[in-house]
Amino acid sequence: MNVVFAVKQYVSKMIEDSGPGMKVLLMDKETTGIVSMVYTQSEILQKEVYLFERIDSQNREIMKHLKAICFLRPTKENVDYLIQELRRPKYSIYFVYFSNVISKSDVKSLAEADEQEVVAEVQEFYGDYIAVNPHLFSLNILGCCQGRNWNPAQLTRTTQGLTALLLSLKKCPMIRYQLSSEAAKRLAECVKQVITKEYELFEFRRTEVPPLLLILDRCDDAITPLLNQWTYQAMVHELLGINNNRIDLSRVPGISKDLREVVLSAENDEFYANNMYLNFAEIGSNIKNLMEDFQKKKPKEQQKLESIADMKAFVENYPQFKKMSGTVSKHVTVVGELSRLVSERNLLEVSEVEQELACQNDHSSALQNVKRLLQNPKVTEFDAARLVMLYALHYERHNSNSLPGLMVDLRNKGVSEKFRKLVSAVVEYGGKRIRGSDLFSPKDAVAITKQFLKGLKGVENVYTQHQPFLHETLDNLIKGKLKENLYPYLGPSTLRDRPQDIIAFVIGGATYEEALTVYNLNRTTPGVRIVLGGTTVHNTKSFLEEVLASGLHSRSKESSQATLRSASRR
């Protein structure tokens, strides 16, 4: 179950099926992102695709010597664009691929528009989602719910994305959902409807144990997306933001022109692939090794290119050297900027207190530490508000709850009203009243013993004590202990055996910390394969935008969102 491989195979097949000759790849805004996650431009160029165009671009030239491969989402808008295109074709022949199920009436309209008979084939290739890591996918939807219910357009898009994922992995699953979430039940029903309606598409070879789709809601764990991160991929997203593998470094002091935007993709960056799940301290020493490696391989300036053989050797090594030089400068810049932000925003201290708020149950110590940090001038308003949100979520019903006092401290620190309002918005979004689970206190004797032993041993790393609630959920699911009264099956049938292929989907967005949990579970649990998806992949900033978009708390949305954009990074 590898989502990057699934989408990559679709793209390769499209290009192969069109045969030899020069080609143009015609896409829409979303499919452009979908393809760019799994293939670089240079890789596609090697397959004779020399031009990349958007179907909605008005000023494309007529190029009858090119074949067109169209990869589009089956939206009304795209079908209309394609109808216009076929009435006045700019290319010699068209191979049309839709990323999801297309209605018969749309196919009929396209056939009627194809008077010049330029369409060679129309097919459905289900690459209708963003493949982030082999075991992580996203739909890039921010703000999927209004209150506790779906925004109808986003429900449709999420149902399409999730059913496409199932088709691309060739899975016809049983479905379980989080009972405490109306949105989870609704999505489960919509996915089931598509599977029933398109039953012929879902007729895959039966496996002994059917696959399982587990639908969860972000409201059940609002802690995970609020924490600072210390593994490479998660930390880059938290502090710099990753958007379809791209990182905007334009605001880094003294940045050179060619590093203003960099791409971090495990598919074609070996250093990133090997380091994305390691913690920040290890990354530092690995960067040093990368630099030393680079120094050894660097062509010596005084190296004389006397013979033809010397020149040939230099030219042969140069592309590799150039690639390595690009990798080195990119990672040195990214790690350097992370390091600058950590010290500028005092994040080691902030993170230690965040972890205490998420994992320990000592109220007076936590309160003291939060108060101390709120006095620290290096702590930004963003981080100050985040600490108070974590306190509010954990100690919401504690007898000595001191939230009003902390809110006064935030005001005295000069934290803007928009951030202060977000504290109650986050509690409204994922507080105790809403959660179907108990996030903070150990549930049974085994868990209490584990926590006690952990306390005795001390923690290997105070910055990574926290484990997302998803870990416990998946662990219980794998062991066959996930309670059916909290996570019922949709429909009458249930799994007799422990599941082997699991797709977990989080409405309201997953996180890279949860992706790391899934990566580790896949590595350590033989015979179990898990893929994680979300309406988006959050960092704290985007999670707070999600909370605002749900409109669960009356506030001026626009100004709060503007504040978030400007304040999360200095």
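Under an unreviewed UniProt entry, the name given to the chain is Vacuolar protein sorting-associated protein 45, and the organism recorded is Galeopterus variegatus. According to its UniProt record, the chain has this under Sequence similarities (unreviewed entry): "Belongs to the STXBP/unc-18/SEC1 family."

## Topic: the overall build of the chain
In terms of helices and strands, the chain carries 21 helices and 18 strands. Across the chain, the fraction of contacts at a sequence separation of at least 24, relative to all contacts at a separation of at least 6, is 81%. Of the accessible surface of the chain, which amounts to about 26700 Å², a share of 50% is contributed by carbon and sulfur atoms.

## Overview of the environment of Leu357
By the element assignment, Leu357 lies in helix H12 (residues 347-359). Since its relative accessible area comes to 0%, Leu357 is described here as buried. Between the C-alpha atom of Leu357 and that of Leu227, which follows or precedes it by 130 residues, the distance is 9.9 Å.

## Examining the sheet that holds strand E12 (residues 242-243)
Strand order across the open sheet formed by three strands is E12-E13-E14, with antiparallel pairing between neighbours. Edge positions in the sheet fall to E12 and strand E14 (261-263), since each has one partner strand and no second.

## Section: the sheet that holds strand E10 (residues 174-177)
By way of backbone hydrogen bonds, the strands of a sheet pair with one another, either parallel or antiparallel. Pairing in this open sheet of six strands is mixed, and the strands run E6-E7-E17-E15-E11-E10 from one edge to the other. Two strands in the sheet have a free side with no partner beyond their single neighbour: strand E6 (130-133) and E10. The sheet shows a mean angle of 25° between the axes of neighbouring strands, taken without regard to direction. Lying over the sheet, helix H6 (residues 152-168) contacts strand E7 (136-138), strand E11 (212-217) and strand E15 (501-507), oriented at roughly 165° with respect to E15. Packing of helix H7 (residues 182-197) onto the sheet brings it into contact with E10, E11 and E15, and relative to E10 it is tilted by some 165°.

## Remarks on unusual backbone geometry
With a phi close to 70°, Asn245 is a non-glycine residue in the positive phi region. Mapped onto the elements, Asn245 comes out in the loop between E12 and strand E13 (246-248).

## Some details on the packing of aromatic side chains
Enumeration over the complete set of coordinates arrives at 13 aromatic pairs. Where Phe137 meets Phe505, the ring centres are 6.0 Å apart and the plane angle is 25°; that geometry is what we call stacked. Of this pair, Phe137 sits in strand E7 while Phe505 sits in strand E15, and the two are 368 residues apart along the sequence. For the pair formed by Phe137 and Phe505, the shared burial category is buried. Here a set of aromatic residues connected by ring pairs shows up, and it is made of Tyr10, Tyr97 and Phe125. Across the ring face of Tyr39, the terminal group of Lys8 is positioned such that the distance to the ring centre comes to 5.1 Å.

## A look at the pattern of salt bridges
Summed over the entire model, instances satisfying the criterion amount to 29 salt bridges. One salt bridge connects Lys13 with Asp17, and the closest N-O pair in it is separated by 3.1 Å. Taken as a pair, Lys13 and Asp17 lie in helix H1 (residues 3-17) at a separation of four residues, close to a single helical turn. Put simply, Lys171 and Asp501 hold a salt bridge, and the shortest N to O gap is 2.8 Å. Note that Lys171 is positioned in the loop between H6 and E10 and Asp501 in strand E15, a separation of 330 residues in sequence. With relative accessibility at 13%, the residue Lys171 sits in the buried group. A single network of salt bridges, built from pairs that share partners, joins Glu238, Arg345, Glu354, Asp383 and Arg386.

## Observations concerning the pairing of strand E5 (residues 119-124)
Inspection of the sheet shows strand E4 (residues 93-98) paired to E5 by five bridges, in the parallel sense. Looking across to E5, one finds that Phe98 is bridged to Glu124. This β-α-β element, E4 to helix H5 (residues 104-113) to E5, shows right-handed connectivity.

Cut-off values and rules
Residues numbered from 1 in each chain as written. Predicted model: local features only at pLDDT ≥ 70, side-chain atom pairs only at ≥ 80, totals over all residues. Heavy atoms only, no water. UniProt positions renumbered as here; feature names shortened; annotations may be inferred. Helix = DSSP H or I, 4+ residues; strand = E, 2+ residues; numbered from the N terminus. Contact = heavy atoms within 4.5 Å. Areas by Shrake-Rupley, 256 points an atom, 1.4 Å probe, with all protein chains shown as cover. Buried < 20%, exposed > 50% of the residue type's maximum accessible area, 1.4 Å probe, protein only. Pairing = 2+ DSSP bridges. Axes fitted to C-alpha atoms, helices over the stretch in contact; angles between N-to-C directions. Phe/Tyr/Trp six-rings, centres within 6.5 Å; stacked < 30°, edge-to-face > 60°. Lys NZ or Arg CZ within 6 Å of the ring centre and 35° of its normal. Salt bridge = Lys/Arg side-chain N within 4 Å of Asp/Glu carboxyl O. Right-handed = clockwise from strand over helix to strand, strands pointing away.

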